[in-house]
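Structure assessment
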Amino acid sequence: MSIDDEIVGRMKALTLADARTRVQPILQEKATTIWRECCEYEGRKPSDPYVRISPDNPHRGRLDEVIRTAAEMGVRISVHS
């Protein structure tokens, strides 16, 4: 591996780490907001330990998208405190 390849590799790692740091609070906020909407639709409280999200819940797709994005970026999010 050349020194240039090593530098490029380290720069990519720094850029990805920075992106993760910046996107985590954004995804966390979105997940928490959508979770509240999902729970409201289901007639449950966001603090309930178990909430079944029905297939017809109109917010389910957006929650799935946020979870998928977090997983792809390697970012941890949680909707429970």
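Before going into details, it helps to say that this report is about the structure given with it.

What counts and how
Residues numbered from 1 in each chain as written. Predicted model: local features only at pLDDT ≥ 70, side-chain atom pairs only at ≥ 80, totals over all residues. Heavy atoms only, no water. Helix = DSSP H or I, 4+ residues; strand = E, 2+ residues; numbered from the N terminus. Rg over C-alpha atoms; globule rule 2.2 N^0.38 Å. Buried < 20%, exposed > 50% of the residue type's maximum accessible area, 1.4 Å probe, protein only. Areas by Shrake-Rupley, 256 points an atom, 1.4 Å probe, with all protein chains shown as cover. Axes fitted to C-alpha atoms, helices over the stretch in contact; angles between N-to-C directions. Parallel < 35°, antiparallel > 145°, perpendicular 65-115°, else oblique. Left-handed = near helix turned anticlockwise from the far one by under 90°. Contact = heavy atoms within 4.5 Å. Salt bridge = Lys/Arg side-chain N within 4 Å of Asp/Glu carboxyl O.

Our next topic: the overall build of the protein. Across its full length, the protein carries two helices and zero strands. Computed over its C-alpha atoms, the radius of gyration of the protein comes to 17 Å, more than 25% above the 12 Å expected for a compact globule of 81 residues. For the protein, the spread of C-alpha atoms along the principal axes amounts to about 60 × 25 × 15 Å. When burial is assessed residue by residue, the protein has 21% of its 81 residues classed as buried. Per element, the accessible surface of the protein, about 6200 Å² overall, is 55% carbon and sulfur.

Attention now moves to the packing of helix H1 (residues 3-42) against helix H2 (residues 60-73). Angle between the axes and distance between the axes are the two parameters that describe a pair of packed helices. The geometry of H1 relative to H2 is characterised by a closest axis approach of 9 Å and an angle of 155 degrees between their N-to-C directions. As summarised for this structure, H1 and H2 are arranged roughly antiparallel, according to the angle between their axes. By crossing handedness, the relation of H1 to H2 is classed as left-handed. Residues Ala-19, Arg-20, Val-23, Leu-27, Lys-30, Ala-31, Ile-34, Trp-35, Glu-37 and Cys-38 of H1 pack against Arg-60, Arg-62, Leu-63, Val-66, Thr-69, Ala-70 and Met-73 of H2.

The subject of this paragraph is the environment of Arg-60. Looking at where Arg-60 falls in the secondary structure, it is placed in helix H2. According to the relative accessible area criterion, Arg-60 is partly exposed, its value standing at 32%. Residues within four places of Arg-60 in sequence aside, it is in contact with Cys-38, Ile-53, Ser-54 and Pro-55.

Our next topic: the pattern of salt bridges. According to the stated counting rule, one finds three salt bridges in the structure shown. Between Arg-22 and Asp-18 there is a salt bridge, with its nearest N and O atoms 3.0 Å apart. Highlighted residues: Arg-22 and Asp-18, both in helix H1, separated by four residues, approximately one helical turn.

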